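Structural characterization, general
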Amino acid sequence: MKEDKLRFFENLLKERRAQIEKNILTSSKELKELADSETNDDIDFASISADKMVDQAISNQQAKEIEEIDYALEKIKKGTYGVCEMCEELIGLQRLKVKPQARYCIVCREIIEKQNNK
């Protein structure tokens, strides 16, 4: 992949990573505020507990995405970015634009998803 495209994807990955970190921080602050607020009844407590569970699930998913982004940034450094880890063919630019941390081309990703759904 050409240097200018690599820089484009590197910047895209870094911007996404920064956005996720901001989301996690904001969510953590909101959870702290909820925890610090006084609950007046069981319904308030149940609502706060449900919000915490949802926010925790979202934060876990975002933490996983940060790991994927870091892995993709490392691949850029190593010169292996944009190569499918299964078939070793180039991953299409359109796929990388949609999911810049993609590890597999579309065909291989579909194969993996079918295997995981069995």
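Residues numbered from 1 in each chain as written. Predicted model: local features only at pLDDT ≥ 70, side-chain atom pairs only at ≥ 80, totals over all residues. Heavy atoms only, no water.

**Notes on the confidence of the model for the protein**
Per-residue pLDDT for the protein has a mean of 88; in total, 86% of the residues score no lower than 70. Least confident of the elements in the protein is helix 2 (residues 42–78), whose mean pLDDT is 83; most confident is helix 3 (residues 93–98), at 95. (pLDDT = per-residue confidence, 0-100. Helix = DSSP H or I, 4+ residues; strand = E, 2+ residues; numbered from the N terminus.)

**Some remarks on a nonpolar patch on the surface**
A surface patch of nonpolar side chains, amounting to about 250 Å² of accessible area, comprises M86, V107 and I111. Within the secondary structure, I111 is located in helix 4 (residues 106–116). By relative accessible area, I111 is classed as partly exposed at 35%. (Patch = residues over 30% accessible without salt bridge, like charges linked within 9 Å, V, L, I, M, F, W, Y side chains within 5 Å. Areas by Shrake-Rupley, 256 points an atom, 1.4 Å probe, with all protein chains shown as cover. Salt bridge = Lys/Arg side-chain N within 4 Å of Asp/Glu carboxyl O. Buried < 20%, exposed > 50% of the residue type's maximum accessible area, 1.4 Å probe, protein only.)

**Examining the pattern of salt bridges**
Counted under the stated rule, the structure contains 9 salt bridges. Here E3 ties to R7 by a salt bridge, and the two come within 2.5 Å at their closest N and O atoms. Separated by 4 residues within a single helix, E3 and R7 lie in helix 1 (residues 3–36), roughly one turn from each other. Overall, the relative accessible area of 48% leaves E3 in the partly exposed class. A relative accessible area of 34% places R7 in the partly exposed class. Each of E3, R7, E10 and K14 takes part in salt bridges that share partners, so that together they form one network.

**Side note on the packing of aromatic side chains**
Tallied over the entire structure, the rule returns 2 aromatic pairs. Ring geometry for F8 and F9: centres 5.1 Å apart, planes at 75 degrees, overall edge-to-face. Residue F8 is classed as partly exposed on the basis of its relative accessible area, which comes to 42%. Lying across the ring of Y71, R103 places its NZ or CZ 4.5 Å from the centre. (Phe/Tyr/Trp six-rings, centres within 6.5 Å; stacked < 30°, edge-to-face > 60°. Lys NZ or Arg CZ within 6 Å of the ring centre and 35° of its normal.)

**A closer look at the environment of E21**
Relative to the assigned elements, E21 resides in helix 1. Separated by 45 residues in the primary sequence, E21 and I66 have C-alpha atoms spaced 8.3 Å apart.

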